[in-house]
There are 2 protein chains.
Amino acid sequence: MARINRAAAKEKFLRFLEQKNLRMTSQRMAIIDTVFSTDQHFTAEQMLDWARERDQAVSRATVYRTLPLLTESGLVHEMDFGKDYKYYDPNYADSPNHNHIICQDCERIVEFESDKIEKLQGEISQSLGFSLKAQQLRITASCDELKRLGACKNKAS
Amino acid sequence: MARINRAAAKEKFLRFLEQKNLRMTSQRMAIIDTVFSTDQHFTAEQMLDWARERDQAVSRATVYRTLPLLTESGLVHEMDFGKDYKYYDPNYADSPNHNHIICQDCERIVEFESDKIEKLQGEISQSLGFSLKAQQLRITASCDELKRLGACKNKAS
DNA sequence: TAATTTTTGCGTCTCAGTATCAAAAGTTTT
DNA sequence: AAAACTTTTGATACTGAGACGCAAAAATTA
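An account of the accompanying structure is given in this report. From a predicted model like this one, the values you see are computed outputs, not experimental measurements.

## Some points on the packing of helix α1 (residues 6–19) of chain A against helix α2 (residues 26–35) of chain A
Residues and elements named next belong to chain A.
- Running from N to C, α1 and α2 point in directions that differ by 140 degrees, and their axes come no closer than 10 Å. Between α1 and α2, the crossing angle belongs to the class labelled oblique. Note on packing geometry: the crossing formed by α1 with α2 is right-handed. Listed contacts from α2 to Arg6, Lys10, Phe13 and Leu17 of α1 are Arg28, Met29, Ile32 and Asp33.

This is the structure in structure tokens:
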């Protein structure tokens, strides 16, 4: 569950850039530093705010350009929760099996893992005869239930 | 699996309108006629085009106003597939347990049901101790797999 | 028919995200 | 280290789905 080591992430991103003949710049550095200093899901606009606190010279355009690079490099996961903006998940590199509970009342999104669910997802895949590209289990809930889940440390299994 | 009877849908919608002190108009009629004459998922813009073929006097605004009414009345299901527009599903009234396979290459979205998956979803709910509001299993696949699934009539169980 | 309420359509607005493009910064060559 | 070349940046314009405001139109009620 530990979040990916920031230095390791940076290095992996550097290799990715090199391989694509792209350059590491101070703006990109500020963005990935910011990305990997949080555990939370975030939106592009949030990332813009946070990255700017770290380095004033980060523009909206660069954030919107860098997030897809991070996604392509596999360090971050792009996800949609039915809102009209994207969320990014910086925990993807360590634990790719994410399920989400989205509160229908508030803005909260809880990420959880469950051995049981993982096993069931495997069975589902098999029963479909699919080599899945991606799979997403999304549960819409109400605040009460979220609180209850929160009480057991967002871990249900 | 049969799609909801158009007359029945219309009647149900009428009751819904009545109960909310809303009026049945020719525009709304044209829209629900169009909605229940297809089996496919559709977007608001598609519905606008189709409804206009039926009745020129249907405006974009009215479509965007009517679809949420249909959703609220339970006749249609609003769903998002990670695109930046919503899809609507007119099959919802009969068979509320829908799972979707979304092609990552083309625009295709295949809906399927599976007893096995239904059972597994039940188990997942239980293992979470949740009284779910909604649940969505979304599988991202490539065209090849979609074709294969198409070959077995979009029915996997 | 007049008074009241709801609905419509047009146009405007919002908001996330993309595209453009000249200026700036980083490489490479000589 | 200057010139030539490539990539990146930031400001701004643009796009496209959907929401909103408002005056005109339609339906309902009196």
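## Looking at the packing of aromatic side chains
Residues and elements named next belong to chain A.
- Tallied over the entire structure, the rule returns ten aromatic pairs over all chains.
- With centroids separated by 5.7 Å and ring planes inclined at 55 degrees, the aromatic side chains of Tyr85 and Tyr87 adopt a geometry described as tilted.
- When its relative accessible area of 35% is taken as the criterion, Tyr85 is described as partly exposed.
- On the accessibility criterion, Tyr87 (9% relative accessible area) is buried.
- Taken together, the ring pairs connect Phe42, Trp50 and Tyr88 into an aromatic cluster.

## Some details on helix α3 (residues 44–54) of chain B
Residues and elements named next belong to chain B.
- Among all positions of α3, only Ala44, Met47, Leu48 and Ala51 are buried. Along the long axis of α3, the arc covered by the buried residues comes to 105 degrees, so they all point the same way.
- Where the residues of α3 are buried, they touch α2 (26–35), α4 (60–72) and β2 (87–89).

## Digging into the protein's contact with DNA strand C
- Residues in contact with DNA strand C amount to 18 residues; listed here are only the nearest, B:Thr25, B:Ala57, B:Ser59, B:Thr62 and B:Arg65.
- Sugar and phosphate atoms form 70% of the subset of DNA strand C atoms that lie within 4 Å of the protein.
- Here B:Thr25 contributes a side-chain N or O atom positioned 2.6 Å from a phosphate oxygen of DNA strand C.
- In this structure, a phosphate oxygen belonging to DNA strand C sits 2.8 Å away from a side-chain N or O atom of B:Arg28.
- Looking at the surface near DNA strand C, the elements that each hand over two or more residues are α4 (60–72) of chain A together with α2 and α4 of chain B.

Conventions and cut-offs
Residues numbered from 1 in each chain as written. Chains lettered and ligands numbered in written order. Predicted model: local features only at pLDDT ≥ 70, side-chain atom pairs only at ≥ 80, totals over all residues. Heavy atoms only, no water. Axes fitted to C-alpha atoms, helices over the stretch in contact; angles between N-to-C directions. Helix = DSSP H or I, 4+ residues; strand = E, 2+ residues; numbered from the N terminus. Parallel < 35°, antiparallel > 145°, perpendicular 65-115°, else oblique. Left-handed = near helix turned anticlockwise from the far one by under 90°. Contact = heavy atoms within 4.5 Å. Phe/Tyr/Trp six-rings, centres within 6.5 Å; stacked < 30°, edge-to-face > 60°. Buried < 20%, exposed > 50% of the residue type's maximum accessible area, 1.4 Å probe, protein only. Arc of directions from axis to C-beta. Near = heavy atom within 4 Å. Polar contact = N/O pair within 3.5 Å; in protein donor to acceptor, adjacent residues only side chain to side chain.

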